[in-house]
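Take a look at the letters that make up each chain.
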Amino acid sequence: MQGLRRCSNDVVHLGLSPSPPTPNPSSLSIDVAESAETRIRRLISEHPVIIFSRTSCCMCHVMKKLLATIGVHPTVIELDDHEIAALPCPPPSSSAADDDQPRNNIPPSVFIGGTCVGGLESLVALHLTGHLVPKLVEVGAL
């Protein structure tokens, strides 16, 4: 498992540079020949719920707690600053007022079923409107 360093039981650090193999096997594997963008896209496709975050991000902690109260334990990947640019951008907002705002890929970003939900506000909005649980059931996370 090169390129990943385990930070805790539920958080993995995605490293772009090869690192020495670790003795602990993991379900996350990285091909060192992959670009950061390819790695991130593959991880998104392999995990029904995945959060990309920065180290010690309080919003990521809130996302994990919200999902845990529902019964979902997402994969959490911590990105370095230079890896953040490889995150896919969230879908454009349907609100005309937001059209002037730049779309960016600033973590934390949650992906459910391979689709970018967005950040904490988007996740909470899904939950409050009653759309989060059906979406999690649809992708097999619940």
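Our subject is the structure listed above.
Definitions and limits used
- Residues numbered from 1 in each chain as written.
- Predicted model: local features only at pLDDT ≥ 70, side-chain atom pairs only at ≥ 80, totals over all residues.
- Heavy atoms only, no water.
- Helix = DSSP H or I, 4+ residues; strand = E, 2+ residues; numbered from the N terminus.
- Expected span 1.5 Å × (residues − 1).
- Buried < 20%, exposed > 50% of the residue type's maximum accessible area, 1.4 Å probe, protein only.
- Arc of directions from axis to C-beta.
- Contact = heavy atoms within 4.5 Å.
- Core = buried A, V, L, I, M, F, W, Y, C linked by side-chain atoms within 4.5 Å.
- Salt bridge = Lys/Arg side-chain N within 4 Å of Asp/Glu carboxyl O.
- Axes fitted to C-alpha atoms, helices over the stretch in contact; angles between N-to-C directions.
- Parallel < 35°, antiparallel > 145°, perpendicular 65-115°, else oblique.
- Left-handed = near helix turned anticlockwise from the far one by under 90°.
- Nonpolar A, V, L, I, M, F, W, Y, C, P; charged D, E, K, R; others polar.

### Some words on helix H2 (residues 58-70)
Right, so step 1: In this model, H2 (13 residues) spans 19 Å end to end at C-alpha, consistent with the 18 Å of a helix rising 1.5 Å per residue.
Right, so step 2: For H2, the complete set of buried residues consists of Cys60, Met63, Lys64, Leu66, Leu67 and Ile70. Each buried residue of H2 lies within a common arc of 160 degrees when the element is viewed along its axis, so the set occupies one face. Of the exposed residues in H2, those oriented more than 90 degrees away from the buried face are Cys58 and Thr69.
Right, so step 3: Directly after H2, the chain includes Gly71, whose backbone phi takes a positive value near 110 degrees.

### Quick word on the side chain of Ser109
Right, so step 1: Structurally, Ser109 is set in strand E5 (residues 109-112).
Right, so step 2: With sequence-adjacent residues up to four places away left out, Ser109 is seen in contact with Ile50, Ile51, Phe52, Leu87 and Gly118.

### Observations regarding the nonpolar core
Right, so step 1: Leu67, Val110, Ile112, Leu123, Leu132 and Leu136 are the most contacted members of the largest nonpolar core, which totals 18 residues.
Right, so step 2: The element best represented in this core is H2, accounting for 5 residues.
Right, so step 3: Listed in part, the 13 residues of the second largest apolar core include Ile40, Ile50, Ile77 and Leu79.

### Let's talk about the pattern of salt bridges
Right, so step 1: Within this structure, the stated rule accounts for 2 salt bridges.
Right, so step 2: Ionic pairing is found between Arg41 and Glu37, a salt bridge with its closest N-O pair at 3.6 Å. Separated by 4 residues within a single helix, Arg41 and Glu37 lie in helix H1 (residues 36-46), roughly one turn from each other.
Right, so step 3: For Glu37, a relative accessible area of 42% puts it in the partly exposed group.

### Brief notes about the environment of Gly113
Right, so step 1: Tracing the sequence through the fold places Gly113 in the loop between E5 and strand E6 (115-118).
Right, so step 2: For Gly113, a relative accessible area of 42% translates into the label partly exposed.
Right, so step 3: Each C-alpha atom, one on Gly113 and one on Lys135, is 8.2 Å from the other, the two residues being 22 residues apart in sequence.

### Things to note about the packing of H2 against helix H4 (residues 120-128)
Right, so step 1: It is at 10 Å that the axes of H2 and H4 come closest, and there the two elements cross at 20 degrees. On the basis of the axis angle, H2 is roughly parallel to H4. Crossing angle aside, the handedness with which H2 passes H4 is left-handed. Touching Met59, Val62, Met63, Leu66, Leu67 and Ile70 of H2 are Leu120, Leu123, Val124 and His127, all from H4.
Right, so step 2: In the contact of H2 with H4, the residues fall into 9 nonpolar, 1 polar and no charged.

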